[in-house]
Amino acid sequence: MIAWALVVGQFVLIGLLAFWHPRHRWSIPDALDATLKVTAVVGLAWMAVGALSLGRSLTALPLPLEHATLRVRGAYRLSRHPIYTGLITAGWSWAFRGEAVGPLLLAGALTALLAVKARFEEEALRMKFPEYARYSARTPRFWPVGPLKRLGQGTGA
């Protein structure tokens, strides 16, 4: 029941964010608007990479499928939740382009909901996969800053 509520809430917030048409808007510079468009595309691409990496294990519910295997390579080597990371990135980019407070509040609510959903999912993954604890200790939940830093340190520069 909680799993379904999280999914429904996620899609409601995404829908509201996508179709919000504020009456009172501020304006943003063209360069910022272009940057936000690129950032949104990067977020959507990261979501796609995460979804493709899951293959048949992909589900909107924050519960692993019976036949699922733990993914720790590709996008999942850098982030435990690349789909959520991409969605948060694209959501905030879209919200700032909305040029109003309402979309920003929706992006904040979506971020909070996805953080709760990620924790819920992680508990289910810990129960299904004993090796999840080790994986989660070395892999950040959302943005892959830590692994990218380690990759840069290994260059000998």
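Residues numbered from 1 in each chain as written. Predicted model: local features only at pLDDT ≥ 70, side-chain atom pairs only at ≥ 80, totals over all residues. Heavy atoms only, no water.

**Q** I keep staring at the packing of helix α4 (residues 82-97) against helix α5 (residues 101-128) and nothing clicks. Help me out?
**A** When two helices pack together, you describe them by how their axes are tilted relative to each other and by the distance separating the axes. One can describe the packing of α4 onto α5 by two numbers: an axis separation of 8 Å at closest approach and a directional angle of 170°. Considering the angle they form, α4 stands roughly antiparallel to α5. Contact residues: Tyr84, Leu87, Ile88, Gly91, Trp92, Ala95 and Phe96 in α4; Pro103, Leu104, Ala107, Gly108, Leu110, Thr111, Leu114, Lys117, Ala118 and Glu121 in α5. A breakdown of the residues in the contact of α4 with α5 according to their chemical character gives 12 nonpolar, 3 polar and 2 charged. (Axes fitted to C-alpha atoms, helices over the stretch in contact; angles between N-to-C directions. Helix = DSSP H or I, 4+ residues; strand = E, 2+ residues; numbered from the N terminus. Parallel < 35°, antiparallel > 145°, perpendicular 65-115°, else oblique. Contact = heavy atoms within 4.5 Å. Nonpolar A, V, L, I, M, F, W, Y, C, P; charged D, E, K, R; others polar.)

**Q** Can you help me understand the packing of aromatic side chains in this one?
**A** Any pair of aromatic rings gets described here by the distance separating the centres and the angle formed by the planes. The final tally for this structure, using the stated rule, is 3 aromatic pairs. Between Trp92 and Phe96 the ring centres are 5.9 Å apart and the planes differ by 35°, which places this aromatic pair in the tilted class. Residue Trp92 and its partner Phe96 are both found in helix α4; the two are separated by 4 residues, about one turn of the helix. Using a relative accessible area of 38% as the deciding quantity, one classes Phe96 as partly exposed. (Phe/Tyr/Trp six-rings, centres within 6.5 Å; stacked < 30°, edge-to-face > 60°. Buried < 20%, exposed > 50% of the residue type's maximum accessible area, 1.4 Å probe, protein only.)

**Q** Sorry if this is basic, but what is going on with the pattern of salt bridges here?
**A** Side chains that differ in charge, positive against negative, can pair when their charged atoms come close. Overall, the coordinates contain 5 salt bridges when judged by the stated rule. With a shortest N-O distance of 2.6 Å, Arg97 and Asp33 are connected by a salt bridge. Placement of Arg97 in helix α4 and of Asp33 in helix α2 (residues 30-54) is noted, with a sequence separation of 64 residues between them. Overall, the relative accessible area of 17% leaves Asp33 in the buried class. Its salt-bridge partner being Arg141, residue Glu122 comes within 2.7 Å of it at the nearest N-O pair. Residue Glu122 is found in helix α5, and its partner Arg141 is found in the loop between α6 (132-138) and α7 (145-153); the two are separated by 19 residues along the sequence. (Salt bridge = Lys/Arg side-chain N within 4 Å of Asp/Glu carboxyl O.)

**Q** Help me understand the nonpolar core, please; the structure alone is not making it clear to me.
**A** Where a protein is soluble and globular, its nonpolar side chains tend to be buried together. Membership of the largest hydrophobic core comes to 14 residues, with the highest contact counts inside it found for Leu13, Tyr84, Leu110, Leu113, Leu114 and Phe142. Of all elements in the fold, only α1 (2-19), α4 and α5 reach the threshold of two or more residues within this core. In terms of residues, this core owes the most to one element, α5, which gives 6 residues. Setting aside its immediate chain neighbours within four residues, Phe142 contacts Ser79, His81, Tyr84, Thr85, Ile88, Leu114, Ala115 and Ala118. (Core = buried A, V, L, I, M, F, W, Y, C linked by side-chain atoms within 4.5 Å.)

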